[in-house]
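# Residue-level structure breakdown
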Amino acid sequence: MKSKEQSSMELSLYKALKPLYKELLEQLSKEDKETTSPFCVEWGKNFPTVPFSGLFFIGRATNGWRTDSTESVEILFDGDDDSREFAHPNQMSWLENHLSYNWQRSAFWRVISQVSQDYVEGEWFNGITWSNLYKIAPYDGGNPSNRLCYAELPICQKILKSEIEILSPKFVILLTGKNWAKDFLPYLNGEKECSPIDTIEWGKNNKYLINVYNFNEVYFLQTEHPQGKNEESHINAIVSIIEKYK
């Protein structure tokens, strides 16, 4: 059963995000509606409701997803348990019991699980929040095209800002790469120039960087997507930042 604080947080998200998704879906072309899938932020049942606490992980976009409900925002937000995307019954817990998806085969989820396990209550996936920069992506998998990204960018910026403001994490970890994050970080900083307060090198020969920003008391860690990179070095670098600023 949800606590009063959890229900209040969910209602705030519902009120803020539904109008934005309505606008987002209405601007899609007929072709895009037929070939793409919408995604809504997911938070675990133990994600903290205390302001400025918890870990919020952000990816680029879904690589194939559970629904193709691009026709109706009502289905997306108010449909039954099988069709609703917002606050669906298995949010985050699907990682444990999905019949055809093994999260342990994903570098993205392996890094998230290792980073979060010491900072959450209970199972790691129940204690975090997960979202993506871009909310509309091809239903059959793959990243959205440049055309689709730039078409949805203005609304996705607003959606992400609302998610962060309402969920109020302590740390936002962008596992996206610099080029994917560059259109979002200035917007989240009130359209002001972004200057990192800290930078940490990681990976073989310190090839990669984590840039750390602080916007309105929330720490943003802009780092690489984990695929094909040294996971232990990446995990240790992220954890060292969390330990430094927690």
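Note: the structure precedes this text.
Residues numbered from 1 in each chain as written. Predicted model: local features only at pLDDT ≥ 70, side-chain atom pairs only at ≥ 80, totals over all residues. Heavy atoms only, no water.

The next point concerns the sheet that holds strand 3 (residues 55–59). Taking strand neighbours across the sheet as the criterion, the 7 strands line up as 2-4-3-6-9-8-7 in an open arrangement whose pairing is mixed. Of all the strands in the sheet, just strand 2 (42–43) and strand 7 (198–202) have a single pairing partner and so form its edges. Across 5 bridges, the pairing between strand 7 and strand 8 (residues 208–215) is antiparallel. Opposite Glu201, over in strand 8, you have Leu209 as the bridge partner. Across the face of the sheet, helix 5 (residues 107–116) comes into contact with strand 3, strand 4 (129–132) and strand 6 (171–175) while running at roughly 170° to strand 3. Across the sheet, helix 9 (residues 231–245) is in contact with strand 3, strand 6, strand 7, strand 8 and strand 9 (218–223); its angle to strand 7 comes to roughly 155°. (Pairing = 2+ DSSP bridges. Helix = DSSP H or I, 4+ residues; strand = E, 2+ residues; numbered from the N terminus. Contact = heavy atoms within 4.5 Å. Axes fitted to C-alpha atoms, helices over the stretch in contact; angles between N-to-C directions.)

Residue position: Gln227 is located in the loop between strand 9 and helix 9. As for Gln227 and Gly177, which are separated by 50 residues in sequence, their C-alpha atoms are 11 Å apart.

Attention now goes to the environment of Phe52. In this structure, Phe52 sits in the loop between strand 2 and strand 3. A sequence separation of 89 residues divides Phe52 from Gly141, and the C-alpha atoms of the two residues are 33 Å apart. Apart from residues no more than four positions distant in its own chain, Phe52 is found in contact with Ser168, Pro169, Lys170, Asn216, Glu217 and Val218.

With respect to burial, helix 5 is a largely interior element, 8 of its 10 residues being buried. Those residues of helix 5 that fall on the buried side of the exposure criterion are Ala107, Phe108, Trp109, Val111, Ile112, Ser113, Val115 and Ser116. (Buried < 20%, exposed > 50% of the residue type's maximum accessible area, 1.4 Å probe, protein only.)

Under the criterion given, the structure shown has 11 salt bridges. Between Glu74 and Lys18 there is a salt bridge, with its nearest N and O atoms 2.9 Å apart. You can see Glu74 sitting in helix 3 (residues 73–78) and its partner Lys18 sitting in helix 1 (residues 4–26), a full 56 residues away along the chain. Residues joined by salt bridges that share partners form a network here, namely Lys18, Glu74 and Asp78. (Salt bridge = Lys/Arg side-chain N within 4 Å of Asp/Glu carboxyl O.)

Moving on: the packing of helix 1 against helix 6 (residues 146–167). Contact geometry of helix 1 with helix 6 gives a least axis separation of 10 Å together with a crossing angle of 180°. Judged by the angle between their axes, helix 1 and helix 6 are roughly antiparallel. Between helix 1, through Met9, Ser12, Leu13, Ala16, Leu17, Leu20, Tyr21, Glu23 and Leu24, and helix 6, the contact on the second element is made entirely by Glu152, Ile155, Lys158, Ile159, Ser162, Glu163, Ile166 and Leu167. A per-class count over the contact of helix 1 with helix 6 returns 11 nonpolar, 2 polar and 4 charged. (Parallel < 35°, antiparallel > 145°, perpendicular 65-115°, else oblique. Nonpolar A, V, L, I, M, F, W, Y, C, P; charged D, E, K, R; others polar.)

A few words on the layout of surface pockets. What the largest pocket holds in volume is close to 890 Å³. Along the walls of the largest pocket sit 29 residues, with Asn63, Gly64, Trp65, Trp94 and Tyr101 positioned nearest its centre. For the lining of the largest pocket, the secondary structure elements donating two or more residues are helix 4 (94–97), helix 5 and strand 4. If you tally residues by element for the lining of the largest pocket, the top one is helix 5, at 3 residues. (1 Å grid on protein atoms, 1.4 Å probe; cavity = no way out; pocket = protein on both sides within 12 Å on 5 of 7 lines; lining within 4 Å. Points joined across faces, edges and corners; volume = space filled by probe spheres on them.)

Further remarks concern the packing of aromatic side chains. Under the defined criterion, the tally for this structure stands at 20 aromatic pairs. Arranged with centres 5.1 Å apart and planes meeting at 85°, the rings of Phe108 and Trp109 form a pair that is edge-to-face. With a relative accessible area of 4%, Trp109 lands in the buried category. An angle of 45° between the planes, with centres 6.0 Å apart, marks the rings of Trp109 and Trp124 as tilted. (Phe/Tyr/Trp six-rings, centres within 6.5 Å; stacked < 30°, edge-to-face > 60°.)

Bringing the pairing of strand 3 into the picture now. Within strand 3, 5 of the 5 residues are buried, which leaves the element mostly enclosed by the surrounding structure. Where burial is concerned, the two faces of strand 3 agree: the one with Leu55, Phe57 and Gly59 and the one with Phe56 and Ile58 are both buried. Where strand 3 meets strand 6, 4 bridges bridge the pair, whose relative direction is parallel. Within strand 6, the residue paired with Phe56 across the bridge is Val172. Of the strand pairs in this sheet, strand 3 and strand 4 are connected by 4 bridges, and their pairing is parallel.

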